[in-house]
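Structural description and commentary
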Amino acid sequence: MAADGFQFPFTPEVEAATSAAWDKVKAHVTPMEWRAQAPLIAEINRLKHERDAVILAHNYMTPEIFHGVGDYVGDSLGLAKEAARSSARVIVQAGVHFMAETSKILSPDKTVLIPDLRAGCSLAASITGADVRLIKQRYPGVPVVTYVNTTAEVKAETDICCTSANAVQVVEEAARLWGTDRVILIPDEFLARNVARQTDIKIIAWQGRCEVHERFTAEDILEIKASFPGAEVLAHPECPAEVLEVADFAGSTQAMQDYVVTRQPRRVVLITECSMAENVAAYAPATEFLRPCNLCPHMKRITLENIYETLLTGRHEVTVDPGIAARARLAVQRMIDLPPPAVPARYDLVKARHHVDVELI
Ligand code: 13P
Ligand code: SF4
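Owing to the predicted nature of the structure, the values given are computational and were not obtained by experimental measurement.

Things to note about the environment of Ala192
Tracing the chain through its elements places Ala192 in helix 10 (residues 189–196). For Ala192 and Glu238, which are 46 residues apart along the polypeptide, the C-alpha to C-alpha distance reads 8.8 Å. Ignoring anything within four residues of it in the chain, the contact list for Ala192 reads Leu185, Ile203, Ala205 and Val358.

Looking at the packing of helix 5 (residues 76–85) against helix 6 (residues 97–106)
It is at 8 Å that the axes of helix 5 and helix 6 come closest, and there the two elements cross at 35 degrees. You can see that helix 5 and helix 6 cross each other, and the crossing is right-handed. On helix 6, the residues that touch Ser76, Leu79, Ala80, Ala83 and Ala84 of helix 5 are Phe98, Met99, Thr102, Ser103 and Leu106. Among the residues forming the contact of helix 5 with helix 6, the class breakdown is 7 nonpolar, 3 polar and no charged.

Some points on the site of ligand 1
Around ligand 1, the neighbouring residues are His58, Tyr60, Asp75, Ser76, Asn149, Ser164, His213, His236, Glu238, Ser252 and Thr253. At 2.7 Å, a side-chain N or O of Ser164 approaches an oxygen atom of ligand 1. Note that an oxygen atom of ligand 1 is positioned 2.8 Å from one of the side-chain N or O atoms of His236.

Side note on unusual backbone geometry
Look at the link from Ile186 to Pro187: it is a cis peptide, with omega at 0 degrees. On the secondary structure map, Pro187 appears in the loop between strand 7 (182–186) and helix 10. Residue Arg315 is joined to His316 through a cis peptide bond whose omega torsion reads 0 degrees. Note on placement: His316 falls in the loop between helix 15 (304–313) and helix 16 (322–336). For Asp52, which is not a glycine, the phi torsion comes out positive at approximately 55 degrees. Topologically, Asp52 is positioned in the loop between helix 3 (31–50) and strand 1 (53–58).

Section: the pairing of strand 9 (residues 232–235)
As paired elements, strand 9 and strand 11 (residues 267–271) share 4 bridges and run parallel to each other. Its bridge partner lying in strand 11, Leu234 is registered against Leu270. Sheet topology places strand 9 next to strand 10 (residues 249–250); 2 bridges connect them, and they run parallel. Residue pairing for strand 10: Leu234 is matched across the bridge by Phe249.

Conventions used here
- Every chain is numbered independently, its residues counted from 1 as its sequence is written.
- Following the order in which they are written, the chains are lettered starting with A and the ligands numbered starting with 1.
- It should be noted that, the model being predicted, local features are given only for residues of pLDDT at least 70 and side-chain atom pairs only at 80 or more, the latter also being counted only at that level, while totals for whole chains, interfaces and linings use all residues.
- Only hydrogens and water are removed before side-chain values are computed, so all heavy atoms of the structure are retained for them.
- By definition, any uninterrupted DSSP run of H or I lasting at least four residues is a helix, any uninterrupted run of E lasting at least two residues is a strand, and each is numbered from the N terminus.
- Should any heavy atoms of two residues lie within 4.5 Å, those residues are considered in contact.
- To define axes, lines are fitted to C-alpha atoms, for helices over the stretch in contact only, and angles between the resulting N-to-C directions are given on a 0 to 180 degree scale.
- Put simply, a crossing is left-handed when the front helix is turned counterclockwise from the back one by less than a right angle, and right-handed when it is turned clockwise.
- Gly falls in the polar group here, along with every residue not listed as nonpolar (Ala, Val, Leu, Ile, Met, Phe, Trp, Tyr, Cys, Pro) or charged (Asp, Glu, Lys, Arg).
- Proximity criterion: a residue is near a molecule or strand once any of its heavy atoms comes within 4 Å of it.
- Whenever a nitrogen or oxygen atom comes within 3.5 Å of another N or O atom, the pair is scored as a polar contact, on the condition that within protein one atom can donate a hydrogen and the other can accept it, and that pairs from neighbouring residues in sequence are kept only if both atoms are in side chains.
- Two strands are counted as paired when DSSP detects at least two bridges linking them.

Right, dumping it as structure tokens:
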């Protein structure tokens, strides 16, 4: 049996080496597919040891990547922390380009590889370093908090970065450190609106959107709740505020996973990218998932095949100009040095304050 373009046999040794991963993916992968994927998984795991490489895989990777070859799996915050901590010589980023850049910024001496250079992000594409310089001219003295879903050039213009796991904490810390009651939080308008509902700090926002999460509507959620009674609805903070108002919980991809793993709800709906539910289901066998997902076309550019090619050929190396990286590192490191964020509360707080607004640039 061959995986696309690669002729590796499905031997008893391969079967044994990949049996733990098979247990986790077999609800979503057919035996026929597995006989093609497992040899490639075994080969990737062999090659990464040979190359002293570590695979940092985002929670939106497909199950065979997430459970089969990821050495560390998590949300953007977790992946950034692991990039800084890892002692491997090579980092293979199974995620999108801004994540690979963040790894390079934090580990300038390591080789950072991404399997497909086209794996972008609509948020990262929504703003440039020149835009941020203009914003700073318009709001002198107001700290700039930038979501990690941005290019290195944008991070270099930033005072402190945040992720969906710690955005409220970072905004409040920035206001405290800069002695202001206003903070610029860019580029995700919806994240900014959702943060504004959880803090007294005034938020100045940019009109960037995640092309995956902006498509969910409150009507979708209400319809799901009606047709799937008793389900707990967990949504990512990149969704519109009206979606979070009718959700039961909002948090980063890791916070959503932790919620399901620790609480083991009877029924759950994850309002986010498609692979999340498949990956998390392996840790909550008794939970029934409804999967009204939207695919992220950028995350889905990463495949087992191109991870293998990356390890084999060293393509594609991600580099960041050292001057830009040094400035961006200050902003990312300030975030990493903060204590871990508190476990997000249920979203009742947001609903209670739903009139808070943001100033759009
Ligand atoms: P997380 O940091 O929550 O994993 O989100 C990253 C992302 O790109 C979500 O769309
Ligand atoms: Fe960017 Fe949205 Fe894809 Fe995340 S899901 S990488 S925010 S486009």
